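Summary of structural features
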Amino acid sequence: MVGSIGDFSRGIIPRAEEQVMKTNQELEHQGWTYFIEVSAVQVYNEQVSDLFHPSGDKGVSIHLRNNKVSIPGLTQVPVNSSGEVNKLLQQAMRGRKTASTAMNTSSSRSHCVFTLHLVGSNPAHGDMLCGQLKVVDLAGSGRIARSKVKGNDHIPFRRSKLTSLLKDSFLTGGKVQMIVNVSSDRESALETLQSLRFATMANACALGTPNRRAIPKRSKK
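Here the residue numbering is sequential within each chain, running from 1 through the sequence in written order. Residues qualify for local features only when their pLDDT is at least 70, as the model is predicted, and side-chain atom pairs are given and counted only at 80 or more; totals for whole chains, interfaces and linings, by contrast, use all residues. To get the side-chain values, all heavy atoms of the structure are used, and hydrogens and water are removed first.

Things to note about the overall build of the protein
From N to C terminus, the protein includes 6 helices and 10 strands. Considering only contacts in the protein between residues 6 or more positions apart, those separated by 24 or more positions represent 63%. Areas reported as accessible are Shrake-Rupley estimates using a 1.4 Å probe. Residue values count occlusion only from the protein chains shown. Total accessible area on the protein stands at roughly 14600 Å², and carbon and sulfur atoms take up 51% of it. A run of DSSP states H or I qualifies as a helix once it reaches four residues; a run of E qualifies as a strand once it reaches two. Both are numbered from the N-terminal end. The contact definition used throughout considers only heavy atoms, calling two residues in contact when any of these lie within 4.5 Å.

A closer look at the side chain of Ser 39
Summarising the element assignment, Ser 39 is placed in strand E1 (residues 33–44). Each residue's exposure class comes from its accessible area (1.4 Å probe, protein chains only) as a fraction of the maximum for that residue type: buried when under 20%, exposed when over 50%, partly exposed otherwise. Look at Ser 39 and you get buried, because its relative accessible area is 3%. Here a polar contact is taken to be a pair of N or O atoms separated by no more than 3.5 Å, where protein atoms must pair a possible hydrogen donor with a possible acceptor and residues adjacent in sequence count only if both atoms sit in side chains. A polar atom in the side chain of Ser 39 sits 2.8 Å from the side chain of His 117. For Ser 39, the residues in contact, after removing those within four places along its chain, are Phe 52, Leu 74, Thr 75, Gln 76, Val 113, Phe 114, Thr 115 and His 117.

So, helix H1 (residues 12–28)
Under the 1.5 Å per step criterion, the end-to-end length of H1 is 24 Å for 17 residues, consistent within 8% with the ideal 24 Å. Considered for burial, the residues of H1 that qualify are Ile 13, Pro 14, Glu 17, Val 20, Met 21 and Asn 24. Here the buried residues of H1 occupy an arc of 125 degrees about the axis, which is enough to place them on one side. Those residues of H1 that are buried are in contact with E1, strand E6 (77–79), helix H2 (82–94), strand E9 (111–122) and strand E10 (127–137). Expected helix span is computed as 1.5 Å times (number of residues minus one). By construction, the arc corresponds to the directions joining the helix axis to the C-beta atoms.

What about the pairing of E10?
With 11 bridges joining them, E9 and E10 adopt antiparallel strand pairing. Bridge pairing in E10 places Thr 115 opposite Lys 134. A pair of strands is considered paired only if DSSP assigns at least 2 bridges between the two.

Some thoughts on a nonpolar patch on the surface
Together, Phe 35, Val 119 and Met 128 make up a nonpolar patch on the protein surface, roughly 240 Å² of accessible area in all. When you line up the elements, Val 119 lands in strand E9. A residue is classified by how much of its surface remains accessible, and Val 119, at 32% relative accessible area, is partly exposed. Like charges within 9 Å and nonpolar side chains (Val, Leu, Ile, Met, Phe, Trp, Tyr) within 5 Å are joined into patches, using only residues over 30% in relative accessible area that form no salt bridge. Here, a salt bridge means any Lys or Arg side-chain nitrogen found within 4 Å of an Asp or Glu carboxyl oxygen.

Examining unusual backbone geometry
Backbone phi values are negative for most residues with the exception of glycine, while trans is the configuration of most peptide bonds. Positive phi is not limited to glycine here, since Asn 45 has a value of about 55 degrees. Among the structural elements, Asn 45 can be located in the loop between E1 and strand E2 (47–50). In the Ramachandran plot, Glu 46 falls in the positive-phi region, its phi being about 65 degrees despite a non-glycine side chain. Within the secondary structure, Glu 46 is located in the loop between E1 and E2. With a relative accessible area of 21%, Glu 46 lands in the partly exposed category.

Concerning the confidence of the model for the protein
In predicted models, pLDDT denotes the confidence assigned by the predictor to each residue on a 0 to 100 scale. In this model, the protein carries an average pLDDT of 81, and 77% of its residues clear a pLDDT of 70 or more. Within the protein, the lowest mean pLDDT, 48, falls on helix H3 (residues 144–147), and the highest, 96, falls on E6. Counted against residues more than four places away or in other chains, residues 99–107, with its pLDDT under 50, gives 21 contacts.

Considerations on H2
Given a rise of 1.5 Å per residue, 13 residues ought to cover 18 Å, and the 18 Å separating the end C-alpha atoms of H2 matches this to within 8%. Residues Val 85, Asn 86, Leu 88, Leu 89 and Ala 92 constitute the buried set of H2. Around the axis of H2, the buried residues are gathered within 165 degrees of arc, so they sit on the same side. Exposed and facing more than 90 degrees away from the buried side of H2 are Lys 87 and Arg 94.

Points about the environment of Asn 67
Along the polypeptide, Asn 67 turns up in the loop between strand E4 (63–65) and strand E5 (68–70). Judged by its relative accessible area of 32%, Asn 67 is partly exposed. Measuring from C-alpha to C-alpha, the distance between Asn 67 and Ser 164 comes to 9.4 Å, with 97 residues separating the pair along the chain.

So, the pattern of salt bridges
If you walk through the whole model with that rule in mind, you get 3 salt bridges. The partner of Glu 18 in a salt bridge is Arg 10, with the nearest N and O atoms 3.0 Å apart.

Side note on the side chain of Gln 42
Along the chain, the position of Gln 42 falls in strand E1. A relative accessible area of 1% means that Gln 42 is categorised as buried. Of the polar contacts made by the side chain of Gln 42, one reaches the side chain of Ser 110; its length is 2.8 Å. In contact with Gln 42, other than residues within four places in its own chain, are Gln 47, Val 48, Ser 49, Leu 51, Asp 57, Gly 95, Arg 96, Lys 97, Ser 110, His 111 and Cys 112.

Given below as structure tokens:
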């Protein structure tokens, strides 16, 4: 998801935020201005923590109300360039829980949700829009028999902290894309097949049409 930041092998997250910044610059010529903040949380053993908090591992709580997700006290850092976002991305990746397994010497043991929070305004038209780009890097999921990972218990979908974090994307008109990475190695054929089967089931899910989220205009007195 991250790759090597700064070159052709950079991952999805750097490429996505670069596209967001580029589009924002293009829209400035149409009278739009944007305020952007970045946050990052990890889910490890069903515990959610703020990867940008000065302590490096502050636990946070997820609040759900009317299918809206909020995390009181979550650190959101204002950014103005791709360079600033990339530095924060590297900071978040350094703070993640990793462990050596039989299949990967630096396997991610936590899920990471990296979010761009955007508010755009166009004074000439009186419009104000808000949105989020959430990019999720899931924990490694190699088979226990091969990876020798312990304590990898299954969490039911509706009780999952990760599902709770993404609930507003699933239920309130968000647009969701899933990318499944598979290996071409013969030894990983079973994992590849299982991943493709999972992708097929996920692809059959219908989430509805994405909504344009406008901030209500304040009435003039």
